[in-house]
Amino acid sequence: MATSPTISDLPLVSRSSGNSRRSQGLLTDISSLFLSHAVCTRSFMRPNAAKAFIRVWKVIEVCLQILAQGKRVTQRELFYMLLCDSPDYFSCQLQVNKTIQDVVALLRCSRYSLGIMASSRGVVVGRLKLQEPGKDPVDCSGCGSSGFGISGDLDLVDGLIMTTDARYILLVEKHAVFQRLAEDRIFNQIPSIIITAKGYPDIATRMLLHKLSRAFPDLPVLALVDWNPAGLAILCTFKYGSLGMGLEAYRYACNVKWLGLRGDDLPFIPEEALLPLKPRDFQVAKSLTSSKTIQDEFRQELEIMLQSGKRAEIEALYIHGYDFLSKYLANKIVKGGYI
């Protein structure tokens, strides 16, 4: 209605790598990624940014409705709500995911506080008992090779009562390897809790791992990932957080050590099982190399990968028999073979 209407730009905390910093652990070994104060903007007056500007307000509008009803939704459910309500502005899940990150960067809050629930893929098995308030405890050692599913309700994860007699936490990249270790009940041979997010980690799995590392600070968190840039990227996401999560990155970081696979494990793997790096591997490696967050030992391993042009997967160890993986892990843990 104004004679000269003005629409303010939206100042978002910039999620670019140039705006990222690494907080060094002082009283603890935990370091995490965080964003400093540089901002970018979403403008209604720029043609290429106008839709992105409107998407932010559309997501805020739906989140307000969700919170008013006391409900929570997954990002996928939110996509369909927005697709039906505003099809001119939302056509794919990626647009919704990026807009959620914009809202988090605008309001300086967590997505969970917006009523957006994590969709968890993670499972846990081993010497751990979990108890929700008012319910019977669950013994994760009796959950079989499928493990115990980690809830996407972060309030529920945060409220879990946990007890353990484990001495280690094993973080496993792949679900198939997790199942092998659970089936072999390696947690009896190596008193441990075994966790996997089935690839790149979701928020709920990271939160449970963070909670375990805080509740049991004497238990080292040891990661078993493929020897390739993607495996290292998964490890670093658990260790430092994810820049893509903006202001939430630091909330779930924990001190993860790299157990394997590493360059010194290659003698166990036949030459035929060493596969060439893919174009995607080089893209991930470039991103990791440009990052100021990863420690020198990790950077050296990455350089060895790139020089060799090869990658190795955990399953290649099965050439020595299906029980070799347990022996390999026990030997490395006893010798302190992690960085």
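Going by an unreviewed UniProt entry, the protein carries the name DNA topoisomerase (ATP-hydrolyzing) and comes from Kalanchoe fedtschenkoi. The record in UniProt for the protein states the following under Cofactor (unreviewed entry): "Mg(2+)". Quoted verbatim from the Sequence similarities (unreviewed entry) field of UniProt, the annotation for the protein is "Belongs to the TOP6A family."

Draft legend 1. Region of the structure containing the overall build of the protein. When you go through the protein residue by residue, the secondary structure sums to eleven helices and 17 strands. Across the 339 residues that make up the protein, the buried fraction comes to 50%. Long-range contacts, defined here as pairs at least 24 residues apart, represent 75% of the contacts in the protein between residues at least 6 apart. Accessible surface, the protein: about 16,400 Å² in total, of which carbon and sulfur atoms supply 54%.

Draft legend 2. Structural detail: the side chain of Ser-213. Position of Ser-213 relative to the elements: it lies in helix H7 (residues 203–215). Those residues in contact with Ser-213 that sit more than four places away from it in its chain are Val-221 and Cys-254.

Draft legend 3. Just the confidence of the model for the protein, in detail. Predicted confidence across the protein gives a mean pLDDT of 87, with 90% of residues reaching 70 or more. In the model of the protein, strand E3 (residues 32–35) stands out as the element of lowest mean pLDDT, 58, in contrast to strand E14 (residues 221–224), which has the highest, 97.

Draft legend 4. Up close: the pattern of salt bridges. Within this structure, the stated rule accounts for 16 salt bridges. As a salt-bridge pair, Glu-313 and Lys-174 come within 3.2 Å of each other at their nearest N and O atoms. Linking Glu-313 in the loop between strand E17 (310–311) and helix H11 (324–334) with Lys-174 in the loop between strand E12 (168–172) and helix H5 (175–183), this pair joins segments that are 139 residues apart in sequence. Classification of Glu-313 as partly exposed rests on a relative accessible area of 27%. Assessed through its relative accessible area of 17%, Lys-174 is described here as buried. Arg-262 is the partner of Asp-264 in a salt bridge, and the nearest nitrogen-oxygen pair spans 3.4 Å.

Draft legend 5. Quick peek at the pairing of strand E8 (residues 128–131). Burial along E8 is one-sided: the face carrying Leu-128 and Leu-130 is buried and the face carrying Lys-129 and Gln-131 is not. Note: E8 against strand E11 (residues 161–164), four bridges, orientation antiparallel. The partner of Leu-128 across the bridge, within E11, is Thr-164. With two bridges joining them, E8 and strand E9 (residues 138–139) adopt antiparallel strand pairing. When the bridges of E9 are listed, Lys-129 appears paired with Asp-139. In this structure, the hairpin formed by E8 and E9 is closed by a connection of six residues, where Gly-134 is found at a positive phi of approximately 85°.

Draft legend 6. Up close: the packing of helix H1 (residues 50–68) against helix H3 (residues 93–107). Relative to each other, H1 and H3 sit at 80°, their axes nearing to 9 Å. When the axes of H1 and H3 are compared, the pair comes out roughly perpendicular. Contacts between H1 and H3 involve Arg-55, Val-56, Val-59 and Ile-60 from the first element and Gln-95, Thr-99, Ile-100, Asp-102, Val-103 and Leu-106 from the second. Residues belonging to the contact of H1 with H3 are distributed by class as follows: six nonpolar, two polar and two charged.

Draft legend 7. Representation of the packing of aromatic side chains within the structure. Under the defined criterion, the tally for this structure stands at seven aromatic pairs. An angle of 80° between the planes, with centres 6.2 Å apart, marks the rings of Phe-268 and Tyr-328 as edge-to-face. Remark: Tyr-328 occurs in helix H11 and Phe-268 occurs in the loop between strand E15 (256–260) and strand E16 (275–276); sequence separation between them is 60 residues. The exposure class assigned to Phe-268 is partly exposed, which follows from its relative accessible area of 34%. Relative to Tyr-322, the ring of Tyr-318 lies with its centre 5.4 Å away and its plane at 50°, an arrangement referred to as tilted. Relative accessible area serves as the criterion here: at 18%, Tyr-318 is assigned to the buried category. Aromatic rings pair up to connect Phe-44, Phe-53 and Trp-57 into one cluster. Between the NZ or CZ atom of Arg-72 and the centre of the ring of Tyr-112, over which it lies, the distance is 3.8 Å.

Cut-offs applied
Residues numbered from 1 in each chain as written. Predicted model: local features only at pLDDT ≥ 70, side-chain atom pairs only at ≥ 80, totals over all residues. Heavy atoms only, no water. UniProt positions renumbered as here; feature names shortened; annotations may be inferred. Helix = DSSP H or I, 4+ residues; strand = E, 2+ residues; numbered from the N terminus. Buried < 20%, exposed > 50% of the residue type's maximum accessible area, 1.4 Å probe, protein only. Contact = heavy atoms within 4.5 Å. Areas by Shrake-Rupley, 256 points an atom, 1.4 Å probe, with all protein chains shown as cover. pLDDT = per-residue confidence, 0-100. Salt bridge = Lys/Arg side-chain N within 4 Å of Asp/Glu carboxyl O. Pairing = 2+ DSSP bridges. Axes fitted to C-alpha atoms, helices over the stretch in contact; angles between N-to-C directions. Parallel < 35°, antiparallel > 145°, perpendicular 65-115°, else oblique. Nonpolar A, V, L, I, M, F, W, Y, C, P; charged D, E, K, R; others polar. Phe/Tyr/Trp six-rings, centres within 6.5 Å; stacked < 30°, edge-to-face > 60°. Lys NZ or Arg CZ within 6 Å of the ring centre and 35° of its normal.

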